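Notes for the structure review
Listed below are the residues making up each chain.
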There are 2 protein chains.
Amino acid sequence: MIGIDDVARAVGVSPATVSRALSGRGPVSEATRQQVLEAARELGYVVSSNASGLASGRTRAVGVIVPFLNRWFYAQVLEAAQNALLAAGYDLTLYNLGGGVDTRRSVFEQFLFRQRVDGLIAISLEVTTEEVRRLHEIGKPIVCVGGPIPGLRTLSIDDIEISRIATDHLTALGHRRIAHIAGGGGGYDFHLPLNRRVGYELALRNAGIEPDPGLVEPADFTIAGGHAVAARFLADPERRPTAIFAASDEMAIGAILAAREIGLRVPEDLSVVGIDDHELAPFFGLTTVAQYPGNQGARAVELLLSELGRDAAPSEDGEGNEPLGFDLVIRSTTAAPPA
Amino acid sequence: MIGIDDVARAVGVSPATVSRALSGRGPVSEATRQQVLEAARELGYVVSSNASGLASGRTRAVGVIVPFLNRWFYAQVLEAAQNALLAAGYDLTLYNLGGGVDTRRSVFEQFLFRQRVDGLIAISLEVTTEEVRRLHEIGKPIVCVGGPIPGLRTLSIDDIEISRIATDHLTALGHRRIAHIAGGGGGYDFHLPLNRRVGYELALRNAGIEPDPGLVEPADFTIAGGHAVAARFLADPERRPTAIFAASDEMAIGAILAAREIGLRVPEDLSVVGIDDHELAPFFGLTTVAQYPGNQGARAVELLLSELGRDAAPSEDGEGNEPLGFDLVIRSTTAAPPA
DNA sequence: AGCGGAGTTGCAAGCGCTTCCAGTTCGGAC
DNA sequence: GTCCGAACTGGAAGCGCTTGCAACTCCGCT
């Protein structure tokens, strides 16, 4: 393995200078820098991250913690984060908590303490107070996306507002009986489904409609889950809603399929709105509120790196939570209710 | 930060003994080992991966290279690999090549050479010969899943056979006009779609049917792509196939939706078969060939770790490729052709 | 009693970098 | 011409572990 000494010898300077030239820390004359860069490229020299990390305390790696992998939203955020990190020269170490209690515990007890990463990004995590304590103990900067974790800097969407807008769109079209497929269950941060429901009820009240608890039912954020709930909503022609607002696009798609199965036309007989702007949304012509997970991932990296950049201690201003953008995207699954 | 010396002091032994006790390398009396373990737990000591890696050359991390994240198959493999790695005490460093040419190049030129990982798992990668050369240069064990990379140990499905079985199922039901939505395009290993087409044609010939090139068209492995191709196949009632075999479940689902849209019933008017056993397959009642990506990921980790375990040089017996299991799963999208 | 060997343990030398500190050079100010 | 500071460079001390080697302790044997 070719080391820093080889490069130093090739250029005729000390390893210290090579280190400075390559890392950009400390003064090096432009001429020397160029020679070093050249020699390094020529020899194919790449610094050993272990040695560098041990000596400097910086590893140039960021840990990303996700509760799931195989969900569109998480994968989008993760992909964007990966790209941003690679572009900045950072490795991404993945911690997927979806592997059961034991793996989850060992991540929080062991893995995160190995000094392998300079900082962490946590995506929509629902964590126990004990886990929050561990996260703080690590003493490294953390940025959360989505699930607000007490005392940590969080990037989050305004879930109440996003839902209000979606529901407003339906009331504005004239709908009065609007059902809501809420989120719920398993591993998700529980604030999200709750806030989305609050926004929905807010919009109804604004339109002078009293929310009917019989028109709200939770599902698990999947197509199959949305389908099952929608089928129940639509079963009785007497009590059938004229619109469904689902807390995610996948559930909305399930609802569309359920409607089609019993011969209802979308949007003529039933309007459907989702949240996400999932990759399948255009395919189904789904009206939805886009929340740009890619931007969220990229922004999280940006924030984290800036914190690392100023060699800061983990920011104590954890309350400086940053709202994210979203937009209503009107396609062809919403229309005025049947006469 | 609490270090190995603290533990040593607490127990009253040398750091060397603590290291041996914690890593399991070298002899330590049972009594001492217990004390060390106890003290480490108590103090919350976790070895610094940088220091350990630098001193030993082992990092207890594995790199996983994927071409995409937001595809069901990749996410499944990745998730399983992550679980297996965590269980074995390994970190997983992710390299997603989907970020464009530049990131791809820097991964192959820089990131993989940082000595950050002990080994690599490459999932269904299509690589250039230059990239293969770089992979070899790294000098670490590599296990590939799916895309056979020349000279590297590969775990792969028998794509010809898997397709043959799917198509056989259709011919056995009596179908004669069977269309194939092939894979193709962008970033995927190109052997896969090719082999699947070969298996399809093989099965047809076995049933005495001459393949009709007009009944084969590629799509991009997505629902939308499958939908578009299927819509074309089904447009002309005269030349309409009675069955469609898609090279992936997502494309098969697209085909089902396309059929429904023009009023065809599945399976009465059209049979559809896919490959994968995607999470949505049960929801659509899709008959498919399951290929268990989770097992593939777990098996890849197992192989890689066993290679690392015996401190082996990267195995030169790269041709010892291992076939993987798959099963025809018959659900409700296939039946005899209309009379 | 003396000895050889197995089982444990400690010593100390690194692993390959980074960075503090001190030295050197050079240009300008006086 | 001298002096000072800024800009650059090299020496060397670690960073926190692992591990080869030597030392030491018990045994059971002869």
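What you see is a predicted model, and the numbers here were worked out from it, not measured in a lab.

Listed as interface residues are 50 residues of chain A and, on the opposing side, 50 residues of chain B. The contact between chain A and chain B buries some 4,700 Å² in all, and 55% of this surface belongs to carbon and sulfur atoms. Area buried by chain A at its contact with chain B is led by Asn 50, Asn 70 and Arg 116 of chain A, which between them contribute 14% of it. Here chain A is connected to chain B by four salt bridges. Of the charged contacts in the structure, one is a salt bridge between Asp 91 of chain A and Arg 116 of chain B, with a shortest N-O distance of 2.3 Å. Our enumeration of links across chain A and chain B arrives at 24 residue pairs in polar contact (both at pLDDT 80 or more).

Right, let's get into the sheet that holds strand S9 (residues 271-276) of chain B. Residue and element names in this part refer to chain B. In spatial order, the strands read S7-S6-S8-S9-S10-S12; together these six strands make up an open sheet with mixed pairing. Both outer strands of the open sheet, strand S7 (216-218) and strand S12 (327-329), are each paired with one neighbouring strand and no more. Going from strand to strand, the sheet's axes swing by 20 degrees on average, the running direction of each strand aside. Where S9 and strand S10 (residues 287-290) come together, four bridges link them in parallel fashion. Counterpart to Asp 276 in the pairing with S10 is Ala 290. Of the strands in this sheet, strand S6 (178-182), S7 and strand S8 (243-246) are in contact with helix H10 (residues 223-235), which crosses S6 at around 155 degrees. Each of S6, S8, S9 and S10 is contacted by helix H11 (residues 249-261), which is oriented at about 160 degrees to S9, the strand it contacts most.

This part is about the protein's contact with DNA strand C. Near DNA strand C there are 24 residues, and of these Ser 19 and Arg 58 of chain A together with Thr 17, Arg 20 and Thr 32 of chain B occur at the shortest range. The sugar-phosphate portion of DNA strand C accounts for 67% of its atoms within 4 Å of the protein, the bases making up the rest. A distance of 3.4 Å is found between a base nitrogen of DNA strand C and a side-chain nitrogen or oxygen belonging to Arg 20 of chain A. Residue Ala 51 of chain A places a main-chain N or O atom 3.4 Å away from a base nitrogen belonging to DNA strand C. When contributions to the surface near DNA strand C are tallied by element, the ones reaching two or more residues are helix H2 (15-23) and helix H4 (49-56) of chain A together with helix H2 (15-23) and helix H4 (49-56) of chain B. Sorting elements by how many residues they give to the surface near DNA strand C places H4 of chain A first, with four residues. Split by residue class, the surface near DNA strand C holds eleven nonpolar, nine polar and four charged.

A few words now on the protein's contact with DNA strand D. In the neighbourhood of DNA strand D, 25 residues make up the surrounding shell, with Arg 20 and Thr 32 of chain A together with Ile 4, Ser 19 and Arg 58 of chain B lying closest. Within 4 Å of the protein, the atoms of DNA strand D are drawn from sugar and phosphate moieties in a proportion of 66%. Within the backbone of Ala 55 of chain A, an N or O atom sits 3.3 Å from a base oxygen of DNA strand D. With respect to DNA strand D, the backbone of Ile 4 of chain B contributes an N or O atom lying 2.8 Å from a phosphate oxygen. Those elements giving two or more residues to the surface near DNA strand D turn out to be H2 and H4 of chain A together with H2 and H4 of chain B. By residue number, the principal contributor to the surface near DNA strand D is H4 of chain B, which donates four residues. Taken together, the residues of the surface near DNA strand D break down into eleven nonpolar, ten polar and four charged.

Let's shift gears to the packing of aromatic side chains. Residue and element names in this part refer to chain A. Evaluation of the coordinates by the stated rule reveals ten aromatic pairs over all chains. On the numbers, 5.0 Å between centres and 85 degrees between planes, the contact of Phe 283 with Phe 284 is edge-to-face. Residue classification places Phe 283 among the partly exposed positions, given a relative accessible area of 23%. Look at Phe 284 and you get buried, because its relative accessible area is 9%. Here a set of aromatic residues connected by ring pairs shows up, and it is made of Phe 68, Phe 73 and Tyr 74. Here Arg 71 stacks its cationic end above the ring of Phe 68, 4.6 Å away from the centre of that ring.

What follows deals with the relation of the copies chain A and chain B. Mapping chain A onto chain B is achieved by rotating through 180 degrees and translating by 0.0 Å along the same axis, at an RMSD of 0.1 Å. One copy is carried onto the other by what is essentially a two-fold rotation axis. Take the interface residues of chain A: 100% of them recur as interface residues in chain B, which is what a same-surface contact looks like.

All names here are of chain B. For the pair helix H1 (residues 4-11) and H2, interaxial distance at closest approach is 8 Å and the crossing angle is 100 degrees. It follows from the interaxial angle that H1 and H2 lie roughly perpendicular. Contacts between H1 and H2 involve Ile 4, Asp 5, Val 7 and Ala 8 on the former and, on the latter, Pro 15, Val 18 and Ser 19. Of the residues that constitute the contact of H1 with H2, the class distribution is five nonpolar, one polar and one charged.

Okay, the nonpolar core next. Core analysis: the largest hydrophobic core is formed by 143 residues, its most contacted members being Ile 181 of chain A together with Ile 181 of chain B. Those residues within four positions of Ile 181 of chain B in sequence are excluded, and the remaining contacts are Glu 217, Ala 219, Gly 226, Val 229, Ala 230, Phe 233, Ile 244, Phe 245, Ala 246, Ala 247, Met 251 and Ala 255 of chain B. Counting residues in each nonpolar core, the second largest holds 23 residues, with Ala 61, Leu 97, Val 132 and Leu 152 of chain B among its members.

Residue and element names in this part refer to chain A. Relative to the elements of secondary structure, Pro 241 occurs in the loop between helix H10 (223-235) and strand S8 (243-246). Here Pro 241 falls in the buried class, since its relative accessible area comes to 2%. Between the C-alpha atom of Pro 241 and that of His 180, which follows or precedes it by 61 residues, the distance is 9.7 Å. Excluding residues within four positions of it along the chain, Pro 241 makes contact with Arg 177, Ala 179, Leu 215, Phe 233, Leu 234 and Leu 270.

What follows covers the domain arrangement of chain A. For chain A, the assigned domains are domain 1 (4-47), domain 2 (61-157 + 294-323) and domain 3 (159-290). Computed from C-alpha atoms alone, the centre-to-centre distance between domain 1 of chain A and domain 3 of chain A is 59 Å.

About the cut-offs
- Residues numbered from 1 in each chain as written.
- Chains lettered and ligands numbered in written order.
- Predicted model: local features only at pLDDT ≥ 70, side-chain atom pairs only at ≥ 80, totals over all residues.
- Heavy atoms only, no water.
- Contact = heavy atoms within 4.5 Å.
- Buried area = accessible area lost by both parts, 1.4 Å probe.
- Salt bridge = Lys/Arg side-chain N within 4 Å of Asp/Glu carboxyl O.
- Polar contact = N/O pair within 3.5 Å; in protein donor to acceptor, adjacent residues only side chain to side chain.
- Pairing = 2+ DSSP bridges.
- Helix = DSSP H or I, 4+ residues; strand = E, 2+ residues; numbered from the N terminus.
- Axes fitted to C-alpha atoms, helices over the stretch in contact; angles between N-to-C directions.
- Near = heavy atom within 4 Å.
- Nonpolar A, V, L, I, M, F, W, Y, C, P; charged D, E, K, R; others polar.
- Phe/Tyr/Trp six-rings, centres within 6.5 Å; stacked < 30°, edge-to-face > 60°.
- Buried < 20%, exposed > 50% of the residue type's maximum accessible area, 1.4 Å probe, protein only.
- Lys NZ or Arg CZ within 6 Å of the ring centre and 35° of its normal.
- Least-squares fit on C-alpha atoms with pLDDT ≥ 70 in both.
- Parallel < 35°, antiparallel > 145°, perpendicular 65-115°, else oblique.
- Core = buried A, V, L, I, M, F, W, Y, C linked by side-chain atoms within 4.5 Å.
- Domains from an automatic or database assignment.

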